[in-house]
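# Summary of structural features
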Amino acid sequence: MSRFANEVEHLRAHTKTLRLVVAGLFVAHALCLGGWWHSPSTLTIHVPPDLRSGSTRKWWDVPPENVYTFAFYIWQQLHRWPNDGETDYPRNIKALSAYLTPSCQSWLNNDFNYRRKQNELHKRVRGIYEIPGRGYGDDPAMRVKTVSDRDWIAVLDVSADEYFTTEQVKRALVRYRVKVARKDTDPEKNPFGLVLDCLASEPERIEAPEGKGGNTP
């Protein structure tokens, strides 16, 4: 009898072990499903614009040329006032808020309020464009400075033209040092995964490249 009793106990112990294994597999499966469920549905990969010579990069790496392109594009859109700066400027700030840090958005709103008090916005039409000979391709090492793997400073040399109704009232050649940071928390609203953190230093007037621009009034 003792032999059969031992065999029964052995089978019961084995069954218990199998149940524990099944329970462990169920928990592991549930964890895998949870990880899959919470994984991002999209992945932003920054590819350099010129692939003729090939490119090998880590998927999270952001090429400096992409940083410059992003900084210039967003900064240009912020300062594009096609009708009236008093309405266009705050509209741009709001429309581009997903591409701005909260501190930058606050700075821009303060800038808007200051310009409005100085009567620099009413009926003003404004646009900025890259100065020929001062783009990224002309001096890549100068145009983007890497602060960390998540922070950069893009140096933008632009011409800012302003008109009051049909009369040009301003043409300034300006250097902006714009801070760019990585923030890929909402790819639906910001597919670039980058944000502007406004200026790293005060804007400065510059001279036009010889033979490529006029005087600054």
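Structure: see above.
Attention here is on the structure that accompanies the text. Bear in mind the structure is a predicted one, so any value in this text is a computation, not a measurement.

## Quick word on helix α2 (residues 64–78)
Here α2 spans 21 Å end to end across 15 residues, near enough to the 21 Å set by a 1.5 Å rise per residue. Every buried residue of α2 is accounted for by E65, N66, V67, Y68, F70, A71, F72, I74, W75 and L78.

## Some remarks on the packing of aromatic side chains
Applying the stated criterion to the full structure yields eight aromatic pairs. Taking the centre distance of 5.2 Å and the plane angle of 55 degrees together, the rings of F70 and F192 count as tilted. Of the two residues, F70 is situated in helix α2 and F192 in the loop between β4 (167–182) and β5 (194–199); the sequence distance between them amounts to 122 residues. According to the relative accessible area criterion, F70 is buried, its value standing at 2%. Arranged with centres 5.1 Å apart and planes meeting at 40 degrees, the rings of W81 and Y89 form a pair that is tilted. Accessibility expressed as a relative area gives 0% for Y89, which makes it buried.

Rules used in this analysis
Residues numbered from 1 in each chain as written. Predicted model: local features only at pLDDT ≥ 70, side-chain atom pairs only at ≥ 80, totals over all residues. Heavy atoms only, no water. Helix = DSSP H or I, 4+ residues; strand = E, 2+ residues; numbered from the N terminus. Expected span 1.5 Å × (residues − 1). Buried < 20%, exposed > 50% of the residue type's maximum accessible area, 1.4 Å probe, protein only. Phe/Tyr/Trp six-rings, centres within 6.5 Å; stacked < 30°, edge-to-face > 60°.

That is the geometry; function is a separate question.
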